[in-house]
Amino acid sequence: MDLEAVRTFVAVAEAGQFQKAAADLAVTQQAVSKRVAGLERDLGVRLFTRTPRGAELTIDGQAFAPHARELLRVAERAAGSVRAGRRPLRVDVIASRVAPSGLMRGFHRAHPEIDLDVVMLVDVEAAVTALRSGAIDASFRAVAMPGRPLPEDIASVRVLDEPLQLLTGPAHALAGARSVTVARLAGHRIWMPGIVPGTEWAAYYDDLVAEFGLTIEATGPNFGSDALLDTIADTPALATFMSEQTRLVWPAGHGLRRIPVTDPTPVYPHSLLWHRDNPHPALATLRAHLAGTAAGHDTAGTWRPDWVLPR
């Protein structure tokens, strides 16, 4: 159905005259008549009866009028949902419980007037594809994989270096430590079934293993964080890595310990990615907010992979 014809029908119905409707729409009266006639042909009914005073709706016209107005309202909402500056800012945060999600909650508190859509994509390649297509406006990532730089049309900036912590059960050999050095972790089994091969975080942990001689096991199905916490709590031989700002809650009886890792402190480098030509005005607001809240980068005593782009 021709929306311009529907819009013209509504204009005539509200004006009560073809001539006034033409003036309201800034078109000729002939154009108004042609649009209404075309709509009547499509519907197979007469919508107006011409009278000395102008145009009156027929019974069919009266039945069609509320639906026509709703069609125009739906069309406006559809256009507004994708119109830069009117549609929500779409941001990929990888997962709901990790630091980028917390950064976006902080942004929402600081700018409640900005509508947000938060999505969770699997890896950096999926995120870059979505950025280039306009499906999302920004993504939090570790920037790139070794040997696979970002495309030139994708910009990035580091926004947070997040320390890793060791998570153990109460019977683990390191459970009583206030902190633990990376060297001391050698020989301990670190279980991380959520690592997905080919992702940027898999590359991060591969480099961590190679640099410090650690043992990270990604075997077994990934049943989610609750199952991971249950296993770590009940298995003295296993520990896992957890980012400092990852938000998890477990039963008090689990007795889990979060232990800072030091000398050096491995940090996971979160960056914001966006398309250089993205016109959404809220994107600049998000970047400015993150610049004002970003933690220090490349701090003495920390470690990150060499392939992560500098600040």
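Check the entry above for the structure.
Residues numbered from 1 in each chain as written. Predicted model: local features only at pLDDT ≥ 70, side-chain atom pairs only at ≥ 80, totals over all residues. Heavy atoms only, no water.

## What about the overall build of the protein chain?
Quick reminder of the rule: Under the DSSP-based scheme used, a helix requires at least four consecutive residues in state H or I and a strand at least two consecutive residues in state E, with every element numbered from the N terminus. Based on C-alpha atoms, the radius of gyration is set beside the globule rule, defined as 2.2 Å times the residue count to the power 0.38. Three exposure classes are used, based on accessible area relative to the maximum for each residue type with a 1.4 Å probe and protein chains only: buried under 20%, partly exposed in between, and exposed over 50%. Between two residues, a contact is recorded if the distance between any of their heavy atoms is within 4.5 Å. The charged-residue count follows a simple rule in which Lys and Arg add positive charge and Asp and Glu add negative charge, with His and chain termini not counted at all. Positions of charges follow a simple convention, taking NZ of Lys, CZ of Arg, CG of Asp or CD of Glu.
What the protein chain contains, in helices and strands, is nine helices and 13 strands. Taking 2.2 N^0.38 as the reference for a compact globule, 311 residues should give roughly 19 Å; the C-alpha atoms of the protein chain span a radius of gyration of 29 Å, well beyond that estimate. Of all 311 residues assigned to the protein chain, the portion counted as buried reaches 43%. Sequence separation of 24 or more characterises 73% of the internal contacts of the protein chain that already satisfy a separation of 6 or more. The protein chain carries 32 positive and 34 negative side-chain charges, and their two centres are separated by 6 Å.

## What to know about the pattern of salt bridges
This is how it is decided: Salt bridge, as applied in this entry: a Lys or Arg side-chain nitrogen positioned within 4 Å of an Asp or Glu carboxyl oxygen.
Evaluated as defined, the whole model comprises 12 salt bridges. Two residues, Glu-4 and Arg-35, come together in a salt bridge whose shortest N-O distance is 3.9 Å. You can see Glu-4 sitting in helix α1 (residues 3-15) and its partner Arg-35 sitting in helix α3 (residues 29-43), a full 31 residues away along the chain.

## Digging into the side chain of Gln-165
Basically, it comes down to this: Polar contacts here mean pairs of N or O atoms no more than 3.5 Å apart (in protein, one a potential hydrogen donor and the other a potential acceptor; neighbouring residues in sequence count only if both atoms are side-chain atoms).
For Gln-165, the location among the structural elements is in strand β6 (residues 154-168). According to the relative accessible area criterion, Gln-165 is buried, its value standing at 12%. A polar atom in the side chain of Gln-165 sits 2.9 Å from the side chain of Arg-258. Not counting the four nearest positions on each side in its chain, Gln-165 is found in contact with Thr-240, Phe-241, Met-242, Glu-244, Arg-258, Ile-259, Pro-260 and Val-261.

## A few points about the packing of α1 against helix α2 (residues 18-25)
To keep things clear, this is the line we draw: Only the contacting stretch of a helix is used when fitting its axis, a line to C-alpha atoms as for every element, and angles between N-to-C directions run 0 to 180 degrees. By definition in this entry, angles of less than 35 degrees are roughly parallel, angles greater than 145 are roughly antiparallel, angles of 65 to 115 are roughly perpendicular, and the rest are oblique. Crossings are classed by handedness, with left-handed meaning an anticlockwise turn of the near helix from the far one by less than a right angle and right-handed meaning a clockwise turn. Here the term charged refers only to Asp, Glu, Lys and Arg, the term nonpolar to Ala, Val, Leu, Ile, Met, Phe, Trp, Tyr, Cys and Pro, and the term polar to all other amino acids, Gly among them.
Close contact between α1 and α2 brings their axes to 8 Å; oriented N to C, the two are set at 125°. What the angle tells us is that α1 and α2 run oblique. For the pair α1 and α2, the sense of crossing is right-handed. Touching Thr-8, Ala-11, Val-12 and Ala-15 of α1 are Phe-18, Lys-20, Ala-21, Asp-24 and Leu-25, all from α2. Looking at the contact of α1 with α2 residue by residue, the classes come out as six nonpolar, one polar and two charged.

## Describing a nonpolar patch on the surface
Put simply, the rule reads: Patch rule: a residue counts if its relative accessible area is over 30% and it has no salt bridge; like charges are joined within 9 Å, and nonpolar side chains (Val, Leu, Ile, Met, Phe, Trp, Tyr) within 5 Å. Areas reported here follow the Shrake-Rupley algorithm with a probe of radius 1.4 Å; residue values treat only the protein chains shown as occluding.
A surface patch of nonpolar side chains, amounting to about 280 Å² of accessible area, comprises Met-1, Leu-3 and Leu-71. Tracing the chain through its elements places Leu-3 in helix α1. By relative accessible area, which is 35% here, Leu-3 ends up partly exposed.

## Comments concerning the nonpolar core
Here is a general trend for soluble globular proteins: nonpolar side chains tend to be buried in one another's company. Put simply, the test is: The set of buried Ala, Val, Leu, Ile, Met, Phe, Trp, Tyr and Cys residues whose side-chain atoms join them within 4.5 Å is what this entry labels a nonpolar core.
Grouped together as the largest cluster of nonpolar side chains are 26 residues, with contacts concentrated most on Leu-166, Leu-185, Tyr-205 and Phe-241. Broken down by secondary-structure element, the contributors of at least two residues to this core are β6, α7 (200-212), β10 (238-243) and β11 (257-262). Apart from residues no more than four positions distant in its own chain, Leu-166 is found in contact with Leu-174, Val-180, Leu-185, Ala-239, Thr-240, Phe-241, Arg-257, Arg-258, Ile-259 and Val-261.

## Observations concerning the layout of surface pockets
Here is the rule we go by: The definitions used throughout rest on a 1 Å grid laid over the protein atoms alone, on which a cavity is an enclosed set of points accommodating a 1.4 Å probe that cannot get out and a pocket is an open set flanked by protein within 12 Å on both sides along at least five of seven lines; lining residues are those having an atom within 4 Å of a point. Grid points are joined across faces, edges and corners, and a volume is the space filled by probe spheres set on the points.
In this model, the largest pocket occupies a volume close to 910 Å³. As for the largest pocket, its lining consists of 26 residues, of which Ala-95, Val-98, Gly-194, Trp-201 and Thr-246 are closest to the centre. Elements supplying a minimum of two residues to the lining of the largest pocket: α7, α8 (225-234), β10 and β12 (265-275). The dominant element in the lining of the largest pocket, judged by the number of residues it contributes, is β10, at four residues.

## Looking at the packing of aromatic side chains
Heads up, the rule is: Stacked, edge-to-face and tilted are the three classes for Phe, Tyr and Trp ring pairs, Trp counted by its six-membered ring, which pair at centre distances within 6.5 Å; planes under 30 degrees apart are stacked, over 60 edge-to-face, the rest tilted.
Considering all chains together, one arrives at eight aromatic pairs under this definition. Here Tyr-205 and Phe-241 contribute two aromatic rings whose centre-to-centre distance is 6.2 Å and whose plane-to-plane angle is 15°, an arrangement assigned as stacked. Of this pair, Tyr-205 sits in helix α7 while Phe-241 sits in strand β10, and the two are 36 residues apart along the sequence. Overall, Tyr-205 belongs to the buried group, its relative accessible area being 8%. Judged by its relative accessible area of 5%, Phe-241 falls in the buried class.

## Digging into α8
Because each turn of an α-helix spans 3.6 residues, side chains separated by three or four positions end up pointing in the same direction. Stated formally: Comment: arc refers to directions from the helix axis out to C-beta atoms.
Taken as a whole, α8 has its buried residues at Leu-228, Leu-229, Ile-232 and Ala-233. Projection of α8 onto a plane perpendicular to its axis shows the buried side chains occupying an angular sector of 130°, all on one side. Packed against the buried residues of α8 are β6, β8 (189-191) and β10.

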